[in-house]
Amino acid sequence: MEKITTASKNQLRFRMIGCIYPILYVLGWPLLYGILPSYSSYYVFGGIYFTLATSMMAWAMWMHSDIKWSVPAYALVGVALFNCVDYWILHNIFAFIFFISSTYLMREDKRFNEIGDWSLTWYVLLIFPEGVFWFEAIQAVLISWFHMKYVRRLWRVRRL
């Protein structure tokens, strides 16, 4: 039987690391600085390191080689480049585009659309004063999990 995927084992390992990185990102900032109103608030403590860490998360998303995911990836770069202190309007617009487009893409997926449905249910957290932090944390984990499932699927297809 012919291989369906052209990704090598090393590429798939690298993509899996790219999927795990956002989970470490979600855990790392609160462990270092405590829970803040949103993940963007960590810019005050991290500055350029926050920008770099968020840009790396966007790169990890872009690395999945699916053109559909370029919109959320570029929006996340916008979130990283326009901090919430000096450019709060642009920052929030890019964050909105990132979360809405990610949820949309997960819901429209043919294989793992249930993750998109779960993502959509957590939008209710945005109405609570301290819900933004938890919304962002849960969404990052769901998006990572979605991509992990695809990498695992490619790994299984590669073995055939």
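Scroll up to find the structure.
Parameters and conventions
Going along each chain's sequence as written, the residues are numbered from 1 onward. For a predicted model such as this one, the threshold for reporting local features is a pLDDT of at least 70, and the threshold for listing and counting side-chain atom pairs is 80 or more; totals across whole chains, interfaces and linings nevertheless cover every residue. Heavy atoms throughout the structure, all of them, feed into the side-chain values; hydrogens and water do not. Secondary structure elements are defined from DSSP: runs of H or I of at least 4 residues count as helices, runs of E of at least 2 residues count as strands, and each element is numbered from the N terminus. Here the radius of gyration uses the C-alpha set of atoms, whereas the globule reference equals 2.2 Å times the residue count to the power 0.38. Buried, partly exposed and exposed residues are distinguished by accessible area as a fraction of the type maximum, computed with a 1.4 Å probe on protein chains only: under 20%, between the cut-offs, and over 50%, respectively. Contact definition: two residues touch when any of their heavy atoms are within 4.5 Å. All accessible-area figures derive from a Shrake-Rupley calculation using a 1.4 Å probe, and residue coverage is judged against the displayed protein chains alone. Counted as positive: Lys and Arg. Counted as negative: Asp and Glu, with His and the chain ends omitted from the count. Here the site of a charge means atom NZ of a Lys, CZ of an Arg, CG of an Asp or CD of a Glu. Within this scheme, the nonpolar core is defined by two criteria: the residues are buried Ala, Val, Leu, Ile, Met, Phe, Trp, Tyr or Cys, and they are joined through side-chain atoms within 4.5 Å. The axes used here are C-alpha line fits, helices contributing only the stretch in contact, and every angle between their N-to-C directions lies in the interval 0 to 180 degrees. These descriptions rest on fixed angle ranges, namely under 35 degrees for roughly parallel, over 145 for roughly antiparallel, 65 to 115 for roughly perpendicular, and the rest for oblique. Each residue gets one of three labels, nonpolar for Ala, Val, Leu, Ile, Met, Phe, Trp, Tyr, Cys and Pro, charged for Asp, Glu, Lys and Arg, and polar for the others, Gly among them. Here a pair means two rings of Phe, Tyr or Trp (six-membered ring of Trp) with centres within 6.5 Å. Their orientation is stacked below 30 degrees between planes, edge-to-face above 60, and tilted elsewhere. Should the near helix be turned anticlockwise from the far one by less than a right angle, the crossing is left-handed, and should it be turned clockwise, the crossing is right-handed. To estimate the expected span of a helix, count its residues, drop one, and scale the result by 1.5 Å.

Caption draft 1: Local environment of the overall build of the protein. Along the protein, the regular secondary structure elements total seven helices and zero strands. Start at the N end of the protein and walk to the C end: the helices and strands fall as α-α-α-α-α-α-α. A compact globule built from 160 residues would reach a C-alpha radius of gyration of about 15 Å, and the protein, at 16 Å, matches this within 12%. Based on the C-alpha atoms only, the size of the protein along its principal axes is roughly 55 × 30 × 25 Å. Per-residue burial over the protein gives 47% buried out of 160 residues. Across the protein, every contact between residues at least 6 apart in sequence was considered, and the portion connecting residues at least 24 apart equals 62%. Of the roughly 9600 Å² that the protein leaves accessible, carbon and sulfur atoms contribute 68%. Averaging the positions of the 14 positive and the 9 negative side-chain charges in the protein gives two centres separated by 16 Å.

Caption draft 2: Structural view of the nonpolar core. By size, the foremost hydrophobic cluster in this structure holds 33 residues, and its most contacted members are Y25, W29, Y39, Y42, W69, F98 and F146. At the level of secondary structure, the elements contributing two or more residues to this core comprise α1 (9-33), α3 (48-62), α4 (70-81), α5 (88-108) and α7 (131-159). Considering every element that reaches this core, the biggest residue donor is α7, with eight residues. Setting aside residues up to four positions removed in sequence, W29 forms contacts with G34, Y39, Y42, G46, Y49, F50 and A53. By size, the runner-up hydrophobic cluster in this structure holds seven residues, among which are A7, C19, M148 and L154.

Caption draft 3: Just the packing of α3 against α4, in detail. Interhelical geometry of α3 versus α4 gives an angle of 175° and a closest axis separation of 8 Å. By the angle between their axes, α3 is roughly antiparallel relative to α4. Seen from α3, the contacting residues are T51, T54, S55, M57, A58, M61 and W62; seen from α4, they are P72, A73, Y74, L76, V77, V79, A80 and L81. The residue inventory of the contact of α3 with α4, partitioned by class, reads twelve nonpolar, three polar and no charged.

Caption draft 4: Representation of the packing of aromatic side chains within the structure. Tallying each qualifying case throughout the model produces 23 aromatic pairs. Judged by centre distance (5.6 Å) and plane angle (80°), the rings of F82 and Y87 are edge-to-face. Under the relative-accessibility criterion, F82 is labelled partly exposed at 26%. Assessed through its relative accessible area of 41%, Y87 is described here as partly exposed. Joined through ring pairs, the aromatic side chains of Y21, Y25, W29, Y33, Y39, Y42, Y43, F45, F50, F133 and W134 make up one cluster.

Caption draft 5: Representation of the packing of α5 against helix α6 (residues 113-121) in the model. For the pair α5 and α6, interaxial distance at closest approach is 6 Å and the crossing angle is 140°. Crossing geometry of α5 relative to α6 is assigned as left-handed. Of the residues in α6, those touching α5 at T103, M106 and R107 are N113, I115, G116, D117, S119 and L120.

Caption draft 6: Summary view of α5. For α5, which comprises 21 residues, the first-to-last C-alpha distance of 30 Å matches the rise-based estimate of 30 Å (1.5 Å per residue) to within 8%. Of all the positions in α5, only H91, A95, F98, F99, S101, S102, T103, L105 and M106 are classed as buried.

Caption draft 7: Spatial organisation of the side chain of Q139. With respect to the helices and strands, Q139 occurs in helix α7. According to the relative accessible area criterion, Q139 is buried, its value standing at 0%. Setting aside its immediate chain neighbours within four residues, Q139 contacts F99, T103, S119, W122 and Y123.

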